[in-house]
Amino acid sequence: MKVDSIYPAYNARHLKPDQVGESFIWSDNFNKLIHDGHSVVLGARGCGKTTLMKMLTIPALKSWNDDRAISIRQTIPFYAVYISTDIYWDVKNNTYSTQLERFNGFDRIISLFSVNSNVFTSLCDTFQYIIDEQIKYSESNEIELCKALIDAWQLNNVIPKLPFVKEALNKRVDEVNQLVQNLIFNYQEGDRVPHYPYFNLSFETSVESVIPIFERIYSLSGKKKWALCFDELEFAPTWLQDKLFRSLRSRKQFLLYKLSASPILSHELEKMLQSEYAATSGNDMQIIKMWNSSDSETFSLQIIDSLLRKKFNGKKAADFFGSNEVYNSSNLYKQGSTFHKKIMELAGKDASFAKFLEGRRIKPDHPLMEDKQLRDTLFRKIKPIVYFRNFYIDEINLTPRENKILYRSRKKTNDLFSGLEVLMKICDGNPRWLIGIINSILLKASDNGADKQLQFDELYSAALKFKNVIANIPVGKNTNLPLIDIIDKIGLYFRNQVLGQEFIMDPKGTFLVDEKSTDVSDDIVFLLEKAISQGAIILLDSQDDGFDFRIRKKKFKLSYLFSLLYDLPLRNYPDAKLSECIRGIRYLNQKTLFD
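Residues numbered from 1 in each chain as written. Predicted model: local features only at pLDDT ≥ 70, side-chain atom pairs only at ≥ 80, totals over all residues. Heavy atoms only, no water.

### A word on helix α15 (residues 338-349)
Taking 1.5 Å of rise per residue, the twelve residues of α15 would be expected to cover 16 Å, and the 17 Å separating its terminal C-alpha atoms lies within 8% of that figure. Considered for burial, the residues of α15 that qualify are Phe-339, His-340, Ile-343, Leu-346 and Ala-347. Relative to the axis of α15, the buried residues are bounded by an arc of 130 degrees and lie together on one face. In this structure, the buried residues of α15 make contact with α16 (351-359) and α17 (372-392). (Helix = DSSP H or I, 4+ residues; strand = E, 2+ residues; numbered from the N terminus. Expected span 1.5 Å × (residues − 1). Buried < 20%, exposed > 50% of the residue type's maximum accessible area, 1.4 Å probe, protein only. Arc of directions from axis to C-beta. Contact = heavy atoms within 4.5 Å.)

### A short note on the pairing of strand β2 (residues 78-84)
Counting buried residues along β2, six of its seven residues qualify, which places the element largely inside the surrounding structure. Relative to strand β3 (residues 225-231), β2 runs parallel, the two sharing seven bridges. From the neighbouring strand, Ser-84 faces β3, where its bridge partner is Asp-231. (Pairing = 2+ DSSP bridges.)

### A closer look at unusual backbone geometry
Leaving glycine out, the prevailing phi sign among residues is negative, and the prevailing peptide bond configuration is trans. Although it is not a glycine, Gln-154 sits at a positive phi angle of roughly 55 degrees. Position of Gln-154 relative to the elements: it lies in the loop between α8 (139-152) and α9 (162-186). On the basis of relative accessible area, Gln-154 is assigned to the partly exposed category, the value being 34%. Non-glycine residue Ser-219 carries a positive phi angle of around 55 degrees. The topology assignment puts Ser-219 in the loop between α10 (203-217) and β3.

### What to know about the sheet that holds strand β5 (residues 285-289)
On the basis of which strands lie adjacent, the open sheet formed by five strands has the order β2-β3-β4-β1-β5 and parallel pairing. Each edge of the open sheet carries a strand with a single partner, namely β2 and β5. Looking at each pair of strands side by side, their axes are set apart by 15 degrees on average, direction ignored. Packing against the sheet, helix α7 (residues 106-134) makes contact with β2 and β3, and its axis sits at approximately 140 degrees to β2. Set on the sheet, α10 makes contact with β3 and β4 (255-261); between it and β3 the angle comes to about 140 degrees. (Axes fitted to C-alpha atoms, helices over the stretch in contact; angles between N-to-C directions.)

What follows is the structure in structure tokens.
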């Protein structure tokens, strides 16, 4: 079953580089990517990997309107060759792989041919960008270049101009596609399969030979390096991933590799990348983990400001979307503040909270503390929990006869899930989600601003869409527990920590994947790896200077977007074992939630 992402219209995959550049927002991750060295960008779908990779190209940088743009255009130390991964490169995982297996390795030949063709076409594009933008045009130079390309790539009867070279490459791809169909339907096992000389080409050696020719013809030798930018390698065949990650130890000094992939690399790469001779972070390349970005909220605010300017120029984001008092610090601990009122309200209906306060020598009906430092630390810590419990809990009756908690309807939670602070956090730095949500709000907002209900409605709609995406992820053959049920169990476990019988200052709000398969099966781990790729769960304790291959013993959190579905504050709390979350919780009014 196909798994769609939310807000596909904002996928940079569908945009030309110049369109990407027109709306690009600077980030620390981009600053890292433009350095003179190999890079590996890791992140979930929608986190902006493709945008960063396309922004390295000449047309994207040219269309970028930013104070830094001129300087970067002049100083970027390489020419970028952007290569989008085609899912059909991975013949083994496509529907026709079994039909080609009977032809003795022809599936591998087709995979190699497909990758070569894409790289050659992308290199033609880059040559054209450079000629158009940075070089005085000379027809004789273009003819000399194209004759060299035609010879190197074994093309026949092609007019020596770059557009015609690209046409010839595309025509050859179409001819090979027809050959594949012919093999599947008309050939028998043991029949002799056509093997054209160009099947023996290698994009690596070809690029290494052709680029110096281009530099010689256009007198560019030594001015810049060349970066092969392979995007979305999680869809590429294993042989290509292996080859590219090995290349990070450098074959030629004038070539750089900029690679992007999912947060968790395949197990097949693990042995190679942990070998003695593998490339290492800091020495051979730089790893950029999109979810670890320190400027995530600043980046989100810049996106919000940019979208707001386009629709309502002159409006300030803080005024337009308002502020959320759960996360802001204005008038926080003063007597008579809103927070103090919330404390007193909650203490009046939650005996466990009143007891918590009394244990710290705070009067529930007069919640002040003399020690300013202690007061600020404690109140800042409990503030979101106080707001959420006070909002959702109507009454806690723990008498032997009643023994239950009465909750409010979720329909009025716009106070908790609206405001600029929430919008900056809710997407975990995922620009595609944020752009989709903000545009949806702005489409319905008036000049006076976006009211809380509108913001909540659009956020809740986005959360439901994302839940549907996760629900469409196939379970596989070895388990009958869908991924969405695992997410549900985790989310409801955390909800009970925040809104359960007892007030807990440090509720469990993240989870640690158990080490043993007897506690959490490999099938569940397999599904969670898919959730990481989709951004449904986010790795928290990853090291900046290493790759992640396995998720056992690692700490994760649910995407903040799920917080709307499970009534959770946008905070990272201490971890619980995943097995504990999956076992379910025991409510006051029933056996267990999952019985």
